[in-house]
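Given next are the chains, with one letter for each unit.
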Amino acid sequence: MTEMIPAWCDDTLTPVEKLEAHKQGLKHKAVSVFLFHGDKVLIQQRAAEKYHTPNLWANTCCTHPHWGEDPALCAQRRLEEELGITGCMPKWVENLEYRADVGGGLVEHEVVDLFVIHCDAMPSLTLNPAEVQAVQWLTRESLEQQIAHTPEVFTPWLKIYMSEHARSVFGPA
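These numbers come from a predicted model, not from an experiment.

S.K.: Explain the side chain of Asp113 to me, and be specific about the residues and the numbers.
M.R.: Structurally, Asp113 is set in strand S8 (residues 106-119). Here Asp113 sits buried without a salt bridge, and the closest side chain of opposite charge, Lys29, lies 5.9 Å off (N-O distance). Polar side-chain contacts of Asp113 include one of 3.4 Å to the side chain of Asn95. If sequence neighbours within four positions are ignored, Asp113 has contacts with Ala30, Val31, Ser32, Pro71, Trp92, Glu94 and Asn95.

This is how it looks when you write it as structure tokens:
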């Protein structure tokens with residue numbers, strides 16, 4: 001079954017097949033989540049089988065909403081599908097836009113609903129191996145240091161979030 005996502009074609013929001021949106025570099029809707037426990041944020045290493053940016057480290061989870069899907073419900077759905085996390089309520093932080101070459105002739109031109117979750121208890125994780133191969137809990141400083149020393153192992157969008165939107169993700173420094 002082809003996954004249809006909301007994308008803009010001639011300034012009109014239209015259902016477009018996900019891979020086609022990336023091939024054409026069409027501006028499309030996305031959702032990104034950063035989940036925190038204490039002062040640490042959960043990041044994930046994308047599965048080796050992903051059609052773009054395999055094996056790279058990204059934020060807790062990100063995806064494209066289905067046509068007509070509410071962004072907050074999409075965030076909850078994807079947390080469960082990728083990481084097995086349930087019962088966490090995402091808090092909408094901001095809407096942002098970025099464009100990034102993700103390799104293989106594909107472009108992510110995303111209009112993102114950015115969500116943050118702060119969990120009092122350590123969430124139980126069940127990784128979906130088709131989506132995620134590993135996770136890390138990192139402080140902001142540790143994540144910034146890792147990106148500075150090995151930027152090639154991080155997704156373009158995580159580097160954009162950290163360089164341009166860290167205040168929205170982590171709050172005031």
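On we go from here.
S.K.: So, the nonpolar core: which residues are in play, and what are the values?
M.R.: Nonpolar side chains tend toward joint burial in soluble globular proteins. By size, the foremost hydrophobic cluster in this structure holds 26 residues, and its most contacted members are Phe34, Tyr98 and Leu143. Contributions of two or more residues to this core are made by strand S3 (27-37), strand S4 (40-46), strand S5 (57-58), strand S7 (91-103), S8, helix H3 (140-149) and helix H4 (156-164). Looking at which element gives the most residues to this core, the answer is H4, with five residues. When sequence neighbours within four positions are dropped, the list of residues in contact with Leu143 reads Val41, Ile43, Leu138, Phe154, Leu158, Met162 and Phe170.

S.K.: Provide a residue-level description of the pattern of salt bridges, including the pertinent values.
M.R.: Tallied over the full model, the rule gives eight salt bridges. For Arg78, the salt bridge identified is with Glu82, shortest N-O distance 2.8 Å. Residue Arg78 and its partner Glu82 are both found in helix H2 (residues 71-83); the two are separated by four residues, about one turn of the helix. Close ionic contact of Glu144 with Arg140 constitutes a salt bridge, the shortest N to O distance being 3.0 Å. Residue Glu144 and its partner Arg140 are located together in helix H3, separated by four residues, close to a single helical turn.

S.K.: Run through the packing of aromatic side chains, naming residues and quoting values.
M.R.: On inspection of all chains with the given rule, the structure shows three aromatic pairs. Here Tyr98 and Tyr161 contribute two aromatic rings whose centre-to-centre distance is 6.0 Å and whose plane-to-plane angle is 90°, an arrangement assigned as edge-to-face. Highlighted residues: Tyr98 in strand S7 and Tyr161 in helix H4, separated in sequence by 63 residues. An identical accessibility class is assigned to Tyr98 and Tyr161; each is buried. Among the aromatic residues, those joined into a cluster by ring pairs are Phe34, Tyr98 and Tyr161. Against the face of Trp8 rests Lys27, its NZ or CZ located 5.2 Å from the ring centre.

Cut-offs and rules
Residues numbered from 1 in each chain as written. Predicted model: local features only at pLDDT ≥ 70, side-chain atom pairs only at ≥ 80, totals over all residues. Heavy atoms only, no water. Helix = DSSP H or I, 4+ residues; strand = E, 2+ residues; numbered from the N terminus. Buried < 20%, exposed > 50% of the residue type's maximum accessible area, 1.4 Å probe, protein only. Lys, Arg positive; Asp, Glu negative; His and termini not counted. Salt bridge = Lys/Arg side-chain N within 4 Å of Asp/Glu carboxyl O. Polar contact = N/O pair within 3.5 Å; in protein donor to acceptor, adjacent residues only side chain to side chain. Contact = heavy atoms within 4.5 Å. Core = buried A, V, L, I, M, F, W, Y, C linked by side-chain atoms within 4.5 Å. Phe/Tyr/Trp six-rings, centres within 6.5 Å; stacked < 30°, edge-to-face > 60°. Lys NZ or Arg CZ within 6 Å of the ring centre and 35° of its normal.

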